[in-house]
Amino acid sequence: MPAVDQSFIQLLTALGGLIVALGRVLLPFLPLVVWIAFWTFAVNWTKLRVVLLQGGWIGLALIAALAVLAWGTVAPPPSGSHHLVGLTLGNFVGKTVFVTTLICIMFLCGSVQLSGACGNLCNFDEPAAEPAHHGGGHGDAH
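Residues numbered from 1 in each chain as written. Predicted model: local features only at pLDDT ≥ 70, side-chain atom pairs only at ≥ 80, totals over all residues. Heavy atoms only, no water.

Thoughts on the layout of surface pockets
To find the voids left in a structure, one rolls a probe of water-molecule size over its atoms. Reported here for the largest pocket is a volume of approximately 240 Å³. Taken together, 13 residues form the lining of the largest pocket, with Trp35, Leu60, Ile63, Ile103 and Met106 sitting closest to its centre. Of all elements in the fold, only α2 (30-42), α3 (45-74) and α4 (91-115) reach the threshold of two or more residues within the lining of the largest pocket. At seven residues, α3 tops the list of elements feeding residues into the lining of the largest pocket. Of the residues that constitute the lining of the largest pocket, the class distribution is twelve nonpolar, one polar and no charged. (1 Å grid on protein atoms, 1.4 Å probe; cavity = no way out; pocket = protein on both sides within 12 Å on 5 of 7 lines; lining within 4 Å. Points joined across faces, edges and corners; volume = space filled by probe spheres on them. Helix = DSSP H or I, 4+ residues; strand = E, 2+ residues; numbered from the N terminus. Nonpolar A, V, L, I, M, F, W, Y, C, P; charged D, E, K, R; others polar.)

Put into structure tokens, the structure is as follows:
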């Protein structure tokens, strides 16, 4: 019986080591996973699409430009340039690529939600409309 207990303890130790190793590999991707989960499951893309088409895209473009400028100023790369897919890009160009990639991922999450691929995970119940109150104590005499 002690051999079974020892084997079980070794199994638990190996599983713990595997979980720690996977955590070290996957932890850097956690912000991206949160970004994707937010834009897929927490945003009502039916309403956001209407807002973006009515001129909200200008605000999105300005926020993206501000993010590039702030991020490029605060955190330049240590070597002075970004190395992406065999290309050497300057600081602000590299940051523009990163921000543009995040915005493209955001729109891909929206297209997944609008296609209905999420099913019941993305049901946004409309709030009940309050009945219009006439008068309201303003003393309007007709």
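Following the structure, the description resumes.
What about the nonpolar core?
In this structure, Trp39, Val43, Trp45, Leu52, Ala64, Val68, Val99, Ile103, Ile105, Met106 and Cys109 together form the largest nonpolar core, which totals eleven residues. Looking at which element gives the most residues to this core, the answer is α4, with five residues. Residues within four places of valine 99 in sequence aside, it is in contact with Ala64, Ala67, Val68 and Trp71. (Core = buried A, V, L, I, M, F, W, Y, C linked by side-chain atoms within 4.5 Å. Buried < 20%, exposed > 50% of the residue type's maximum accessible area, 1.4 Å probe, protein only. Contact = heavy atoms within 4.5 Å.)

A closer look at the pairing of strand β2 (residues 87-90)
Two strands pair when backbone bridges link them, and strand β1 (residues 81-84) and β2 are joined in this way by four bridges, in the antiparallel orientation. By the bridge assignment for β2, leucine 84 is matched with leucine 87. As consecutive antiparallel partners, β1 and β2 are separated by two residues, and within that stretch valine 85 has a phi angle of approximately 50 degrees, a positive value. (Pairing = 2+ DSSP bridges.)

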